[in-house]
Structures are given as structure tokens and as C-alpha cells.
Amino acid sequence: MKIRLTVVLLALIGALLLTGCGGSQATPEVVVKEVEVTRVVEVAAEVEEEEAMGADMSKDPYIVALAGYRTGPFQHTGTPLGNGFQDVATLINMQGGIDGWPIKAMEIETGYNTPRGVEAYERAKTEGNLVTFIPFSTGTTYAVTPRAFEDKMPILHTGYGISAAAFGEAFPYNFLLSPTYWTVEAATLKFIAEQEGGEDALKGKKIGMVYVDIDYGRETVPLMEVLAEKFGFELQKFPVEWPGLEQTAVWTDIAERSKPDWIILRTWGQSTVVSLQEAARVGYPMPQIIGCPWSPTDQDINLAGPDIAKGVRANYWTSSGTDIPIIESLLTEVHDAGKGFGPRYEVGTQLYNRGVFNGAIAAEAIRLAAAEYGHPVTSEQVAWGYEHITPESLKEAGLAGLVPPGLTTSATDHMGSPFAQIHEFDGEKMVPISDWTAAYEDTVQGLIEEAAKGFMAENPDLYK
Amino acid sequence: MINRECGVYKTTYQSDMAFFRVPLARSTIIVVLVLAAIVIPFVATDYWFGAIILPFVIFSIAAIGLNLLTGYCGQISLGHGAFIAVGGYTAAIAYIQGVPFLLSVFLGGLNSALIGLLFGIPSARIKGLYLAMATLAAQFALPWVISRVVPFLVPTGLAVAGGDTVYPPAIYIFGWQVETWLDRYFISLAFLVLLTIFSMNLMRSRVGRAWIAIRDHDVAASILGLDITHYKLLAFAISSFYAGIAGALLVFFYFRIAHVNEFDLGLSIRLLAMIIIGGLGSILGNFFGVAFILLLPIFLNRLLTTVGEAAGIYVSTGITSGVESLIFGTLIIIFLVVEPLGMAKLWENIKDYFRLWPFSY
């Protein structure tokens, strides 16, 4: 009896495996159906042409690995990031790769679980010429950083992870290529000051911070304390216990007792959805909520309900929208050809664009390194490439408009550009409403260098 | 046949109480040890050490600890993730302050044992689901305390704002630097072997028998004259000691950084899943359970990709991640339906079958 049961179950697993593999063929068809029937033939012809001029697949590909998460508690944020990353790799290979050398986007599922992120890093190293690892999780960033020092492997953590890595001398293989949490928060305060009519008008105002009580959420509190003293506003802190699914008390406090004039939101994933719903419940005005780069995103707003979240704002360091050269190419060359990894409507959302940015900037670093050292380049040489990014090279790569203006890196500056841009949800999507802004850079830079130099002094072994 | 008990005569008390009472079991354990100590170092690559074997060894220590508490003494704990964090942080900070490596690992275990003892006190009055809730408090309170105390003990962290991350410096044991994966593996393995032997010995001592009595019927055990509170607290302390050692090894060798978010409720639940699927009240079951929960998803993920490549089908990441979760979930249900007592019991069944084979009537 038990043997029969086992056989049946084994057959079941086999069937699941088969359906799983079969499903992958079905995915592109679904997308093709959206294209008009008359155009299908043309498109097919175009695809063949493009494949003919694509990258030389016989060459050893450059591997850019991503520790993704399409399952688990953060899947609604991990999926668009992964889709953008996959699509841009497809596009680069269709356009001839990096000087003819193909790039392989290797996404390894982790479920936002750090041991699996570490496994992904170790596995990616065995698969060939790994030149960049993208952790997409603060925990994994921390865990692979000591290994990156040994392996001389660039770790690309854009907009999260170790903020002190903005100071390149302390972290030679960690690349932010985006403003730190502190830089963005300073720009948010500047925006609030402008809305109030100048920095003097901040005096006596109440600014609340709703944040998940982990180091990601807490990280900007000391900066805000410094600035509160400087400008004379009252800083109200509303920490939410991780994972932040219970916020009733906090929002009741905000509505009934504390009544802050502005709220800065630092939540992540499902907790952002809860924050938006609670804010709507107590009737807090949405335009006075300004998020950090990771909250709220289009996906959070869709889950919370677009009708309740109209007017909510967030401060992003990549542009949303599709009128950016590389995003337009993705739509016309990848999605129109039925090769898109995810749904078409996702293209142009903040997280998708950020996935694109990660893949494209990695390719750009490889290209720069190859121009200096010649193909094939090693991971250490690619780290050199990351340190020599200029606005001109980004424009050539079609990234102008996606990244903050003037993004220039050097051996000491792994941040590149301090600019961020306020976006507002107009009922359908996030649209930029301010110019690229940076503020109080001296204060921020001083604190970053202090932390980074402290780290260097504590760990002299790493720099031998 | 060497695996049969018939013909194996136990003439002394020692032989009756031996760990492995049949010759085959003894030779098996020798083979396993030879594999672990001699073959693996030659065969395994950095990937295997850094991503598969090392976490397996370290999480096995934590699982054995939790199994002593839950499987043998019958006290459930949802706070072991936090106890691991306490051990890891204590050891890392002690080492930074200049305490020798082995002593800092021991201090990590000791501090974790103290904290575990503290959070075990409610077990004197409550049990079952209520105790689960009481230990859950540890899982919420301890990371909160750690993230507020650590910045005072370590001047700067990795985060810009005096964060709670601690980065242990290069590790020296009596002047010898631990550098390669092989070194880390051997040290962790030594801890695992020592702690496994200790737990097996513990189970056939007065303490172990008392724990089992409490698990099976605490009132009866109390009537027999056992001091229940004493033994329950002892179980919490020893179990947390294991967790603390595992935490120290995780921080020194695997993550190589102490970051409080790693030791969340998810870790506590994964540990419980490990011992339930592996087999409550079994030392061997821990290893099965850790392999199942920690390594099976990785194996499935690799298998799906490899099968797809071999068949010439492009299997996208979106599909593999979904199918992987599906199969993993199904397998958990299958294993629990087929044998609710865990994989250790399955292994027992297989052994029993061959013990009588071919005359199994």
C-alpha cells in the first residue's frame, strides 16, 4: 500500500516537473497574442534579422548574477526588478552584446533568504566568468561583502545595502551608483522646505517619520535629528516593529494626537501597503506622505488600492516612465518581438526601470573595462570599469534620462550622483513632479566618510 | 548478516549501553566520519564548502539544540532564532575586545544559555501553545535589545548611522590564521562532532531520561519525584547553548558578519520545520531535517535548470522559482503524511525491513 502511494506521488512530482518546463514555452505565446495578427509575420522576420546581428554566442559569456526573489514575502517587488534585468540582457544580446561578447543574466531564486543569497553568490562563481553580483537584499549584501574582498568581485547594490560604500576607498568592490539613504532623505527635506516656502518656514513645523524598526528604517533618524536642530522643526518618530504589518496604533496616534504636517515613509514591501491603507483609513492627506526610494512603489500602490493612494509621493533616484531611450528600445525591440520576460504594462514602473538600470550599468562597466584592458575582462577589471562611469558613456548606452544627471564615478566616489527626484502618484502611475535635487551634501558626506574611515580603521586586515 | 542483532551477544553493561549496538552501525559511522574528514576535503570545491556543507554543519548544531528541547523535553520554542543571534553577537563582540577565539565561541554559547534560561522561566507554569507564545516574545524582544545595545559596545558599524552590524576581524587560533574554507569546515565539524556526542551521552543519562519522562507525562514525572522546573530550565539552557555556539560559528565562518535581521522569526520557524520533518526526539533526524529544509530547495532549483538545459528547453527563472516552491511544499506534505514521526522514523522503517529480510513474516 505504501509503495503504491509512493509511486503515485512520484508520478505526481514528475507531472509537475513536466508542466513546469512546458509552461516556459507557453509564456511568450501569451505576449505574442497582444500583437496584431497581421504584424506577426513582419515581427518574426525582424527577430530573425536581429538574431543574425546579435552577440556571438560561441564566445564565453560575461555572467551578471542576480539573487532574485519571485517567491516569498517580497515577491511583488522582486518580480519587476528581475523582469527589467532579464529584458535588458535580452536587448543587449540582440544588439550585438558587448563588442560581440554575449552577456548572461543569471537570476537565482532566493526567496529573500540570506543563506540562499550566499549560495547564489557561490554558485554564480562556478558558472563561468562572473563579473558582477547583484544581491537585491540588504542581508545578502552584508553577507557577501567579506567574500567580495577576497574574490575581488564587484557587488552592485544600487540604493540599498551598505551606505558607507559610497566612500570607495573603504569598500573597493561595493558599488552604490546611486544616492545613499541619507542623501535622498536630505533632498526630501529640501522639497518639504520648498513646499512650505523656504527653510525658515520649517521652524515650528512637525515632521513625522514612519519607519520599520530595522537598520534600513532607522538609518536616517540621526541625520533628521541633526537637521531638526538646524532648522528648528519638531521631529516625531513612529517606529513600526518589523515586518510592520500592524500599524493601527501608529496611524491613530498620527491622526488624533501628534498630527504631523508631513510624513516621511521608510517601510518596505508589505508594510508599505499597510501604511497606505492605514493612512487612508485615518484620512491623512496623501500628498503630505513622501516615501524613500523603496516605498511606495507602483506595485505597493496597486496592492493598497490605486483609488485610495492618489497623490502619494516618493523620492526616487531613477526615473519612472517609458520616454527614456533604453526603455523605448525595450518596448519596441524586446516586448514587441514577444521576448519580454514579464507583462508589458510593467515596463516603465519604478522597480522595472531599476532592474533595467542594474543590468545596463553592469554591461556599461564591462564595456568600459574592455576598452581599457581588452576582452575578456576579469571581475577585478570590471570593478575598474565601475569606477570610470561618465555621463557621456551613459548617454551612449541609452541610459540618459533614466539615471540622475551627471553620474560620474571614481575610485573614491562609488555613489556617482547625489540627485533624487520627487514622484507623485497621479491615479495611474508615478510621475516626476520636481527637478533632480540634492541638499545638505556637506553634512551627509562628512557622516559617510566618518563611518567608512571608522570601518577601515577597525579592519586593517582587509586592505593588505 | 552483520546488520542483524541475532548473534550479537551483549555480555557487559558497557556493550549494552553502547551508541551503536550492531557491527554494521559501527562500521557505518566510521565510514561517515572518514567521508567527512578525509574524502570531502579532497572532493569539495569552494562552492560546496561555502554554500552547502558549512551551513549544513552549523545549522545541524542549532537543530540538535532545538531537538533536545522540543523533541526530548517536549518544550516548544519559537525563540531560537534570537538565541542564535545572542550567541553570534556575544562571540563577535568578545573576539573584537581581544578574547581568544575558542573562548569567545564558548562565551557566545554561555550568554545564549543564560538568556535562554531567562526566557524558559515561563515554562515552569505554562506549556504547549502558551509556551510557544511566551518564547515568541524572545524572538521579538531580543533583536530589539541587540539593535540598541550593540552600537554602544562597538564604536562604528557598517551602516552609516552607528548600526547594529558587527564585522569580526581575521580569526587566529593560537597564532594560526583561519583562512580557507577547509579550515572553517574542520573547526565547525569538530564542534558538531563534540556536541553530537555530548547530546547522545546526555540522552542516556539521568537528565535525558528525566526530559523524556517530562515530555511523555509531566504530572507522572512529577509524582515520581522529578523536579520538573529544574529539568525544564536545564533543557532551555543546554538547548540555547547549542544555539549560541551555532550563532558564533555562523557569524565567524558563514555570514562573517553579525547582522540582526538574519536571525528573524523565519529562522526560528525554519529550525522547527527542520526538527519536525527530520524527526522529533532523534539525533540522526536533525541531519535529515537540515538537509531537507536548507539544501533541498537549492537542489530543486539546480535540478530544474539543469533538466531544462539538457532537454534544450529554456526554463525561465519565473517558472523555476514557482515550480520549486510547489514541489518543496508538496514534499513537506508527502513526508509528513507518509511518516508523521519524521525522516528518522522512515530510516528506522527501512532498517527494520532489512533486519528481517528476506523472512519478513
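Since this is a predicted model, take the numbers as computed values, not measurements. (Residues numbered from 1 in each chain as written. Chains lettered and ligands numbered in written order. Predicted model: local features only at pLDDT ≥ 70, side-chain atom pairs only at ≥ 80, totals over all residues.)

This part takes up the packing of helix α3 (residues 75-94) of chain A against helix α12 (residues 325-335) of chain A. Residues and elements named next belong to chain A. Two elements in contact, α3 and α12, have axes whose closest approach is 10 Å; the angle formed by their N-to-C orientations is 75°. As the angle between them shows, α3 and α12 are arranged roughly perpendicular. Contacts from D87, V88, T90, L91 and M94 in α3 reach S329, L330, E333 and V334 in α12. By residue class, the composition of the contact of α3 with α12 is 5 nonpolar, 2 polar and 2 charged. (Axes fitted to C-alpha atoms, helices over the stretch in contact; angles between N-to-C directions. Helix = DSSP H or I, 4+ residues; strand = E, 2+ residues; numbered from the N terminus. Parallel < 35°, antiparallel > 145°, perpendicular 65-115°, else oblique. Contact = placed C-beta atoms within 7 Å. Nonpolar A, V, L, I, M, F, W, Y, C, P; charged D, E, K, R; others polar.)

Okay, helix α9 (residues 248-258) of chain A next. All names here are of chain A. Considered for burial, the residues of α9 that qualify are V250, W251 and I254. What you see down the axis of α9 is that its buried residues fit within an arc of 95°, all on one side. Exposed side of α9, more than 90 degrees from the buried face: T248, A249, E256 and R257 are the residues found there. If you follow the buried residues of α9, they end up packed against β6 (206-212), β7 (234-240) and α10 (270-282). Two residues or fewer past α9, K259 is found with a positive phi of approximately 45°. (Buried ≥ 20, exposed ≤ 12 C-beta atoms within 10 Å, placed from the backbone. Arc of directions from axis to C-beta.)

Before going further, it helps to examine the sheet that holds strand β12 (residues 430-432) of chain A. Strands belonging to one sheet form pairs held by backbone hydrogen bonds; the direction of such a pair is parallel or antiparallel. Residue and element names in this part refer to chain A. Spatially, the 7 strands line up as an open sheet ordered β7-β6-β8-β9-β10-β11-β12, and their pairing is mixed. Each edge of the open sheet carries a strand with a single partner, namely β7 and β12. Averaged over all pairs of adjacent strands, the angle between their axes in this sheet comes to 25°, without regard to strand direction. Summarising the sheet, strand β10 (residues 313-316) and strand β11 (residues 421-425) pair through 4 bridges and their orientation is antiparallel. By the bridge assignment for β11, N315 is matched with I422. Contacts from α9 reach β6 and β7 within the one sheet, and its direction differs from that of β7 by about 155°. (Pairing = 2+ DSSP bridges.)

Think of interface size as the accessible area that goes away when the parts come together; that is how it is often given. Residue and element names in this part refer to chain A. Here chain A is described as being made up of domain 1 (47-179 + 321-396) and domain 2 (181-316). Using C-alpha coordinates to define each centre, domain 1 is positioned 30 Å away from domain 2. Counting from both sides, the interface comprises 12 residues of domain 1 and, opposite them, 15 residues of domain 2. Mapped by element, the contributors of at least two residues to the side of domain 1 that touches domain 2 are α3 and α13 (350-373). No other element matches the 3 residues that α3 contributes to the side of domain 1 that touches domain 2. A per-class count over the side of domain 1 that touches domain 2 returns 5 nonpolar, 7 polar and no charged. (Domains from an automatic or database assignment.)

The next point concerns the environment of A63 of chain B. Residues and elements named next belong to chain B. Mapping A63 onto the fold places it in helix α3 (residues 46-72). Note: C-alpha distance between A63 and N286 (223 residues apart in sequence) is 5.8 Å. Each residue touching A63, except ones within four places of it in the same chain, is listed here: L271, M274, I275, N286, G289 and V290.

Let's shift gears to the interface of chain B and chain A. Listed per partner, the contact involves 50 residues of chain B and 50 residues of chain A. Going through the elements one at a time, α3, α6 (129-153), α12 (283-310) and α13 (317-338) of chain B are the ones with two or more residues in the side of chain B that touches chain A. A per-element tally of the side of chain B that touches chain A places α13 of chain B first, with 14 residues. Residues of the side of chain B that touches chain A, tallied by class, amount to 28 nonpolar, 17 polar and 5 charged.

What follows is about the environment of E324 of chain B. In this structure, E324 of chain B sits in helix α13. The exposure class assigned to E324 of chain B is buried, which follows from the 25 C-beta atoms found within 10 Å. The sequence separation of E324 of chain B and F299 of chain B amounts to 25 residues, and the corresponding C-alpha distance is 9.4 Å. When sequence neighbours within four positions are dropped, the list of residues in contact with E324 of chain B reads E109 of chain A together with P297, L300, N301 and L304 of chain B.

For the rest of this paragraph, the subject is unusual backbone geometry. All names here are of chain A. In the segment running from S295 into P296, the intervening peptide bond is cis, with an omega of -10°. One can find P296 in the loop between β9 (289-291) and α11 (298-304). Located in the positive-phi region is Y112, a residue other than glycine, with phi close to 60°. You can see Y112 is positioned in the loop between β2 (103-109) and α4 (114-126). Even without being glycine, F136 reaches a positive phi, approximately 50°. Following the sequence through the fold, F136 ends up in the loop between β3 (129-134) and α5 (138-151).

This paragraph deals with the pairing of strand β8 (residues 262-266) of chain A. Residues and elements named next belong to chain A. Buried residues dominate β8, accounting for 5 of its 5 residues. Of the two faces of β8, the one lined by W262, I264 and R266 and the one lined by I263 and L265 are each fully buried. The sheet contact formed by β6 and β8 spans 5 bridges and is parallel. Across the sheet, V210 pairs through a bridge with L265, a residue of β8. Alignment of β8 against β9, held across 3 bridges, turns out to be parallel. Its bridge partner being in β9, L265 is matched across the sheet by G291.

With that settled, consider the packing of α12 of chain A against α13 of chain A. Residue and element names in this part refer to chain A. Put simply, α12 and α13 touch, their axes get as near as 11 Å, and they point 100° apart. The angle between the axes of α12 and α13 places the two elements in the roughly perpendicular class. Counted together, I326, I327 and L330 of α12 and N353, V356 and A360 of α13 form the full contact between these two elements. Classifying every residue of the contact of α12 with α13 by side-chain character gives 5 nonpolar, 1 polar and no charged.

As a further point, take the environment of A220 of chain B. Structurally, A220 of chain B can be placed in helix α9 (residues 218-223). When the C-alpha positions of A220 of chain B and A113 of chain B are compared, they lie 28 Å apart, and in sequence the two are 107 residues distant.

Next up on the list: helix α2 (residues 23-43) of chain B. Residue and element names in this part refer to chain B. Between its terminal C-alpha atoms α2 stretches 28 Å, which fits the 30 Å expected from 21 residues at 1.5 Å a residue. Of all the bends in α2, the greatest measures close to 40° and is centred on L35. Taken across its 21 residues, α2 has 0 buried, putting it largely on the surface. (Expected span 1.5 Å × (residues − 1). Bend = angle between axes of the 7 residues up to and from the residue.)

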